[in-house]
Amino acid sequence: MINIEEQYALAQWIKHRRSNYGKNPKFYECTRWYKNEYEVEQLSVSDKNSIAHILDYN
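Below you will find a few notes about this structure. Only a predicted model underlies this, so the values are computations on that prediction, with no experimental measurement involved.

1. A look at the side chain of E6
Next up, step 1: Along the chain, E6 turns up in helix α1 (residues 4-21).
Next up, step 2: In this structure, E6 is buried with no salt-bridge partner, the nearest side chain bearing the opposite charge being K35 at 14 Å.
Next up, step 3: Apart from the residues lying within four places of it in its own chain, the contact partners of E6 are M1, Y34 and Y38.

The following block contains the structure:
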């Protein structure tokens, strides 16, 4: 499960990407960033839903 610090870091990364490229990153880019950043091999359905919600609200 994605904790609060990880959610905040992902939200900040999304905002940074949007400011640099003028649009939000795609869902797969967010999942790839998260997996690389936190060295996760497989994301659960709950993790994917959390990432989708963070992406939607940022």
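2. Description of the packing of aromatic side chains
Next up, step 1: In this structure the tally under the stated criterion is 3 aromatic pairs.
Next up, step 2: Aromatic pair W13 and W33: ring centres 5.4 Å apart, planes at 20°, arrangement stacked. Taken together, the positions of W13 in helix α1 and W33 in helix α2 (residues 27-38) put the pair 20 residues apart, joining distant regions of the chain.
Next up, step 3: Ring geometry for Y34 and Y38: centres 5.0 Å apart, planes at 45°, overall tilted. Of the two residues, Y34 and Y38 both sit in helix α2, 4 residues apart, roughly one turn of that helix.

3. Some details on helix α3 (residues 45-56)
Next up, step 1: Given a rise of 1.5 Å per residue, 12 residues ought to cover 16 Å, and the 16 Å separating the end C-alpha atoms of α3 matches this to within 8%.
Next up, step 2: When we look at burial in α3, the residues that qualify are D47, S50, I51, I54 and L55. With its buried residues spanning 135° around the axis, α3 presents them on a single face. Structural note: α3 exposes V45 and D56 on the side pointing more than 90 degrees away from its buried face.
Next up, step 3: In this structure, the buried side of α3 is in contact with α1 and α2.

4. A few points about the environment of D47
Next up, step 1: With respect to the element layout, D47 can be found in helix α3.
Next up, step 2: The exposure class of D47 is buried, given its relative accessible area of 8%.
Next up, step 3: For D47 and Y34, which are 13 residues apart along the polypeptide, the C-alpha to C-alpha distance reads 9.8 Å.
Next up, step 4: Apart from residues no more than four positions distant in its own chain, D47 is found in contact with M1 and I2.

5. Quick notes on the nonpolar core
Next up, step 1: Among the nonpolar cores identified, the biggest contains 12 residues, and these are I2, L10, A11, W13, I14, C30, W33, Y34, L43, I51, I54 and L55.
Next up, step 2: When contributions to this core are tallied by element, the ones reaching two or more residues are α1, α2 and α3.
Next up, step 3: Examining the composition of this core, we find that 4 residues originate from one element, α1, more than from any other.
Next up, step 4: Among all residues touching C30, those that are not within four sequence positions of it are L10, W13, I14, P25, I51 and L55.

Thresholds, definitions, all that
Counting starts from 1 at the beginning of each chain's written sequence and moves along it residue by residue. With the structure being a predicted model, the display of local features is reserved for residues of pLDDT at least 70 and the display and counting of side-chain atom pairs for 80 or more, all residues being used for whole-chain, interface and lining totals. In computing side-chain values, all of the structure's heavy atoms are included and hydrogens and water are not. Comment: elements are numbered from the N terminus, with helices defined as DSSP H or I runs of at least four residues and strands as E runs of at least two. Note on classification: 1.4 Å probe, protein chains only; a residue is buried when its accessible area is under 20% of the maximum for its type, exposed when over 50%, partly exposed between these limits. None of His or the chain ends enter the tally, which takes Lys and Arg as positive and Asp and Glu as negative. The working definition used for a salt bridge is a side-chain nitrogen of Lys or Arg within 4 Å of a carboxyl oxygen of Asp or Glu. Contacts are assigned to residue pairs that have any heavy atoms within 4.5 Å of one another. Each aromatic pair joins two rings of Phe, Tyr and Trp (for Trp, the six-membered one) with centres within 6.5 Å, and gets the label stacked for planes under 30 degrees apart, edge-to-face for over 60, and tilted for any other angle. Given a helix with a known number of residues, its expected span is that number minus one, times 1.5 Å. Here, the arc refers to the directions that run from the helix axis to the C-beta atoms. To define a nonpolar core, start from buried Ala, Val, Leu, Ile, Met, Phe, Trp, Tyr and Cys residues and group those joined through side-chain atoms within 4.5 Å.

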